[in-house]
Amino acid sequence: MSGLIDVAIQQFADQFDIQFQASKMVLSGAFKEYRGLMGDSFKAPVIEEVLMQTRGAYNTNIPAQIPANAFKTISFENYVTNLPIDDFEKFVTNANVRAAYSQIAVNALNRTQDQVGIDTLEATTTTNEVAVGTTNLPIEKIREAAYYLDLQNVPSEDRYWIGTASQKKSLLGETETTSSDYAAIKALVQGQIDSFYGFKFIWIGNRTEGGLTKTVNSRVNFAWHKSALAFGYQMNPTVVVERIASAQSWSIFPKVRFGAAEILPKGIVKITCDESAA
């Protein structure tokens, strides 16, 4: 019997792995990542730049430049849930319960990682801010966000933007009659392209975990460079399946131990959008 249980557990684990690979979190690749970490936290190094100097007199020592350095702490948190599957459930539902529950586990893990990333953005200490004004998301706000990053020599590649369906709708409506960029924006919001003005755009809807916070009519979007934030993983997303004989059921435990932190505030921009103006 134990052999059959082991087979069933392996089958579910395989199903989970397949679906996890096929269904990525929306912030996948948007943060720097550290994996295989140990301890209660991880200190991510932040090394400042140095300047080249002219060579002085021959055969003299070259003055050393010790770059300023600091560390940003990524604290780990445990995330887990329990999904029980009764032996009789598959007969009542007449469905592939294993595949359905596996997808639920995958989705929960991905949304949790996304929300920790969003919470880290919302806790930013950056001073780069695009004021709300009386608009939702016109193209001018995108240009201004790019300007802030350009001004501080933030690399032009690996820039991201996260907003909601409201900003996506507003952006297309604003450019339809007023901007020569309408064709590019239309392709962006229809999913034909995912990048515009140097940013890779990530659009999210309302989420059980919270999503992007809305205060009255104001919703803050964020633009950032990949190196400005980091995820740290002590335990990668995984799933454990256990047989509960007395309950005649299986218990599925999706789990992950990780955290996130702001690394370079200058590489983040806050953009406040008025959703009543959409």
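Look up a bit, the structure's there.
Conventions and cut-offs
- Residues numbered from 1 in each chain as written.
- Predicted model: local features only at pLDDT ≥ 70, side-chain atom pairs only at ≥ 80, totals over all residues.
- Heavy atoms only, no water.
- Buried < 20%, exposed > 50% of the residue type's maximum accessible area, 1.4 Å probe, protein only.
- Helix = DSSP H or I, 4+ residues; strand = E, 2+ residues; numbered from the N terminus.
- Pairing = 2+ DSSP bridges.
- Salt bridge = Lys/Arg side-chain N within 4 Å of Asp/Glu carboxyl O.
- Phe/Tyr/Trp six-rings, centres within 6.5 Å; stacked < 30°, edge-to-face > 60°.
- Lys NZ or Arg CZ within 6 Å of the ring centre and 35° of its normal.

The next point concerns the pairing of strand β11 (residues 218-225). In terms of burial, β11 is largely enclosed, as seven of its eight residues are buried. Across four bridges, strand β7 (residues 159-164) lies against β11 in antiparallel orientation. The partner of Trp-161 across the bridge, within β11, is Ala-223. Pairing between strand β10 (residues 214-215) and β11: two bridges, direction antiparallel. Residue pairing in the sheet places Lys-214 in a bridge with Arg-219 of β11. As consecutive antiparallel partners, β10 and β11 are separated by two residues, and within that stretch Val-216 has a phi angle of approximately 55°, a positive value. Two elements, β11 and strand β14 (residues 268-274), share seven bridges in a ladder whose sense is antiparallel. Residue pairing in the sheet places Trp-224 in a bridge with Ile-268 of β14.

Right, let's talk about the pairing of strand β12 (residues 229-244) for a bit. When strand β1 (residues 32-34) meets β12, the two strands line up parallel, connected through three bridges. Within β12, the residue paired with Tyr-34 across the bridge is Gly-232. Connecting the antiparallel pair β12 and strand β13 (residues 249-262) is a turn made up of four residues, with Gln-248 showing a positive phi of about 50°.

Next up on the list: the pattern of salt bridges. On inspection of all chains with the given rule, the structure shows six salt bridges. Of the charged contacts in the structure, one is a salt bridge between Asp-150 and Arg-159, with a shortest N-O distance of 2.8 Å. A relative accessible area of 44% places Asp-150 in the partly exposed class. On the accessibility criterion, Arg-159 (5% relative accessible area) is buried. For Arg-219, the salt bridge goes to Glu-275, with nearest N and O atoms at 2.9 Å. On the criterion of sequence distance, the pair formed by Arg-219 in strand β11 and Glu-275 in the segment after β14 is long-range, its members being 56 residues apart. When sorted by exposure, Arg-219 lands in the same class as Glu-275, which is buried. Connected through shared salt-bridge partners, Lys-214, Arg-219 and Glu-275 make up one network.

A full pass over the atoms with the stated rule returns 14 aromatic pairs. Note on Trp-161 and Phe-199: the rings are 5.4 Å apart at their centroids and 75° apart in plane angle, and the pair reads as edge-to-face. You can see Trp-161 sitting in strand β7 and its partner Phe-199 sitting in strand β9 (residues 199-204), a full 38 residues away along the chain. Phe-199 gets classed as buried once you look at its relative accessible area, which sits at 1%. Judged by centre distance (5.3 Å) and plane angle (25°), the ring pair of Phe-201 and Trp-203 falls under stacked. Here the two residues Phe-201 and Trp-203 agree in accessibility, since each one is buried. One aromatic cluster is present, built from ring pairs that chain together Phe-31, Tyr-79, Tyr-160, Trp-224, Phe-231, Tyr-233 and Phe-258. The aromatic ring of Tyr-233 is capped on one face by Arg-35, whose charged end is 4.0 Å from the ring centroid. One Lys or Arg, Arg-243, reaches over the ring of Trp-250 and ends 5.0 Å from the middle of that ring.

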